[in-house]
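# Summary of the model geometry
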Amino acid sequence: MLTAISGINWGDEGKGRMVDLLSSDYDIVCRYQGGNNAGHTVINERGKFILNLLPSGILREDVVNVMGNGMVIDVKHLVEEMGRLTDAGIKITPENLKISDKAAICMPYHVERDCLEEARLSDKKFGSTRRGIAPSYGDKYMKKSLRMGELFDMDALKERLADIVEWENLTVAGVYGGEPISVNAMAEHLKKYGEILKPFICDVSLYLDREAKKGKKIMFEAQLGALRDIDFGIYPYTSSSNSIAAYAPIGAGIPNHKLDLSIGIMKAYSTCVGEGPFTVEYFGEKAETLRKAGGEYGAATGRPRRVGPFDAVASKYGIRMQGADEIALTKLDVLSDMDEIEVCVAYEKDGKQTTDFPFPQHLNDYKPVLKTLKGWKKDISGCRKKEDLPKEALDYIAFIEKITEAKIKYVSVGAEREAYIVF
Ligand code: GDP
Ligand code: MG
């Protein structure tokens, strides 16, 4: 049984929270793309955790966690994240954490290049998290990356590193005028963190293939949402990898297996962190009220998230791109104080309406067409059954289900593990 959990929107839909909840039924949780720009917040009986690189299944003792070849891994960040969790009493061993030997390493010079480029772009910046993700993926496809499996042979690694650093310096020092990168410093960095990580690095492709053939249940955890996918998102304001569910078997290392189930995590309203077109954006007081109600400040960066009403056009597109069989609608409780709740049902341009998601570069020409639904004005965070929900909340869910043609299977009404309803 292979299941993907992915985001329908712009990210921060609550994927970490749903992975933490639904992984109780799974043997393995695997992150298949992205790096430490992810921020997955999980709140359960063991505490509150923000995970950047580690799969959200790490908080369950009987789940094996895998970091796939589709990821880019900042080894220092990973060691520190593992340390934070270990300090909080979470057990991390080579038995419950396996890192792909084929995952690319995100180096300090990638972070440096990310910062140099965002500074150069100034007011045209992309809103990068400045964690080196775009330069890491860029180098991967330029075939200038070091991979985790190379940490086992430091002599060979150092030779390749010297060639790569020579090339990196053409840009970092030559073009941007930054501090030249030192081969020795980089080799020391890799040696130091490599020593700690080596016991966890293996051929996870082989491992996952064997486990899948034994009938083990594997869950794939995406980072970000459909609208940040490098191919299908709001390019160039996307992440630098494929966040869509269809990429999961590839980014995990088992392209010979097919997904059995795709669960899309969809937020009951819209948020978007960083730059780029955001058709349904609220401003001023309306935005502030929703942002506060939802606690919409980035988990990885602390940046205030842009907010707006539920966007049926973008979500329907996201559902299609994720091939979502089932939807978990999250953060419904955040809307409880609103007298009326707006939903974007179409986009409009020159008096013409569309429900098809446009080519991203044209998005700024569109205005949202809003429909207003009645609010429920009741605290729903304690609801655990469909029948507990007020009629207006059920109407809101039914409306979203109809307009997006999706099957809503779960509704979450709080950040805690148990705060959800099965539909
Ligand atoms: P992810 O990146 O998709 O894993 O999502 P984030 O963790 O970045 O953002 C989701 C935020 O909403 C986190 O702070 C969660 O603790 C919180 N959260 C998740 N589900 C719910 C919910 O149903 N209600 C409320 N109020 N908060 C939620
Ligand atoms: Mg997040």
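Everything discussed here concerns the structure shown above.
Residues numbered from 1 in each chain as written. Chains lettered and ligands numbered in written order. Predicted model: local features only at pLDDT ≥ 70, side-chain atom pairs only at ≥ 80, totals over all residues. Heavy atoms only, no water.

### Side note on the overall build of the protein chain
Helix and strand counts for the protein chain stand at 11 helices and 20 strands. The C-alpha atoms of the protein chain give 22 Å as radius of gyration, which agrees with the globular expectation for 423 residues (22 Å, within 12%). Projected onto its principal axes, the C-alpha coordinates of the protein chain cover approximately 65 × 50 × 40 Å. Across the 423 residues in the protein chain, those meeting the buried criterion constitute 57%. When contacts within the protein chain are restricted to residue pairs at least 6 apart in sequence, those whose partners lie at least 24 apart make up 75%. For the protein chain, the exposed area adds up to about 17600 Å²; of that, 50% sits on carbon and sulfur atoms. One finds the centroid of the 58 positive side-chain charges in the protein chain at a distance of 2 Å from the centroid of its 63 negative side-chain charges. (Helix = DSSP H or I, 4+ residues; strand = E, 2+ residues; numbered from the N terminus. Rg over C-alpha atoms; globule rule 2.2 N^0.38 Å. Buried < 20%, exposed > 50% of the residue type's maximum accessible area, 1.4 Å probe, protein only. Contact = heavy atoms within 4.5 Å. Areas by Shrake-Rupley, 256 points an atom, 1.4 Å probe, with all protein chains shown as cover. Lys, Arg positive; Asp, Glu negative; His and termini not counted. Charge placed at Lys NZ, Arg CZ, Asp CG, Glu CD.)

### So, the site of ligand 1
Around ligand 1, a shell composed of 17 residues is seen, among which Lys15, Gly39, Thr41, Asp333 and Ser412 lie nearest. Within the contact set of ligand 1, an oxygen atom lies 2.8 Å away from a backbone nitrogen or oxygen of Lys15. Here a nitrogen atom of ligand 1 and a side-chain polar atom of Arg17 are 3.5 Å apart. Surface burial for ligand 1 is 90%, taken as the share of its 590 Å² of free accessible area covered by protein chains. For the shell around ligand 1, the leading source of residues is helix α1 (residues 15–22), giving three residues. Its residues placed into classes, the shell around ligand 1 shows three nonpolar, seven polar and seven charged. (Near = heavy atom within 4 Å. Polar contact = N/O pair within 3.5 Å; in protein donor to acceptor, adjacent residues only side chain to side chain. Nonpolar A, V, L, I, M, F, W, Y, C, P; charged D, E, K, R; others polar.)

### Let's talk about the coordination of the magnesium ion (ligand 2)
Asp12 (OD) and Gly39 (O) make up the full set of protein donors to the magnesium ion (ligand 2), lying at 2.0 to 2.2 Å. Highlighted residues: Asp12 in the loop between β1 (2–7) and α1 and Gly39 in the loop between β2 (28–31) and β3 (40–44), separated in sequence by 27 residues. Residue class for Gly39 comes out buried when judged on its relative accessible area of 16%. (Donors = N, O, S within 2.8 Å, 3.2 Å for Na, K, Ca; no water.)

### Remarks on the pattern of salt bridges
Once their charged atoms are close, side chains differing in charge can pair, the charge on each being opposite to the other. Tallied over the entire structure, the rule returns 29 salt bridges. The partner of Asp20 in a salt bridge is Arg417, with the nearest N and O atoms 2.8 Å apart. With Asp20 in helix α1 and Arg417 in the loop between β19 (408–412) and β20 (420–422), this pair connects stretches of sequence that are 397 residues apart. Each member of the pair, Asp20 together with Arg417, is buried. Put simply, Lys407 and Glu401 hold a salt bridge, and the shortest N to O gap is 3.9 Å. Among the residues examined, Lys407 registers a relative accessible area of 42% and is labelled partly exposed. Here the residues in one salt-bridge network are Asp12, Lys267, Glu296, Arg305 and Lys331, joined through shared partners. (Salt bridge = Lys/Arg side-chain N within 4 Å of Asp/Glu carboxyl O.)

### A short note on the packing of helix α3 (residues 108–121) against helix α5 (residues 154–175)
Two elements in contact, α3 and α5, have axes separated by 11 Å at closest approach and are oriented at 10°. Accordingly, the angle class assigned to the pair α3 and α5 is roughly parallel. Contacts between α3 and α5 pair Tyr109, His110, Glu112, Arg113 and Leu116 from the former with Leu161, Ile164, Val165, Trp167, Glu168 and Val172 from the latter. Of the residues contributing to the contact of α3 with α5, the split by class is seven nonpolar, one polar and three charged. (Axes fitted to C-alpha atoms, helices over the stretch in contact; angles between N-to-C directions. Parallel < 35°, antiparallel > 145°, perpendicular 65-115°, else oblique.)

### Here's the deal with the packing of aromatic side chains
The tally for this structure, following the rule as stated, stands at seven aromatic pairs. Ring centres of Tyr317 and Phe357 lie 4.7 Å apart, and the angle between their planes is 20°; on these two criteria the pair is classed as stacked. Of this pair, Tyr317 sits in helix α10 (residues 312–322) while Phe357 sits in the loop between β17 (352–354) and β18 (367–374), and the two are 40 residues apart along the sequence. Summarising the burial analysis for this pair, Tyr317 and Phe357 share the class buried. Taken together, the ring pairs in this structure connect Tyr317, Tyr347, Phe357 and Tyr366 into an aromatic cluster. (Phe/Tyr/Trp six-rings, centres within 6.5 Å; stacked < 30°, edge-to-face > 60°.)

### A short note on the packing of α5 against helix α6 (residues 183–197)
Across the interface, α5 lies against α6 with an axial gap of 10 Å and an inter-helix angle of 140°. Taken together, the axis directions place α5 and α6 in an arrangement best described as oblique. For the crossing formed where α5 meets α6, the hand is right-handed. Residues Met154, Leu157, Lys158, Leu161, Ala162 and Val165 of α5 form the contact with α6, whose participating residues are Val183, Asn184, Met186, Ala187, Leu190 and Lys191. Tallied by class, the residues present in the contact of α5 with α6 amount to nine nonpolar, one polar and two charged. (Left-handed = near helix turned anticlockwise from the far one by under 90°.)

### Points about a negative patch on the surface
A grouping of Asp153, Asp155, Glu159, Asp163 and Glu166 is seen on the molecular surface, where their side chains present a negatively charged patch. For Glu166, the position within the fold is in helix α5. (Patch = residues over 30% accessible without salt bridge, like charges linked within 9 Å, V, L, I, M, F, W, Y side chains within 5 Å.)

### A look at the side chain of Asp114
Residue placement: Asp114 occurs in helix α3. It turns out Asp114 is buried and unbridged, and the closest side chain with the opposite charge, Arg130, is 6.9 Å from it.

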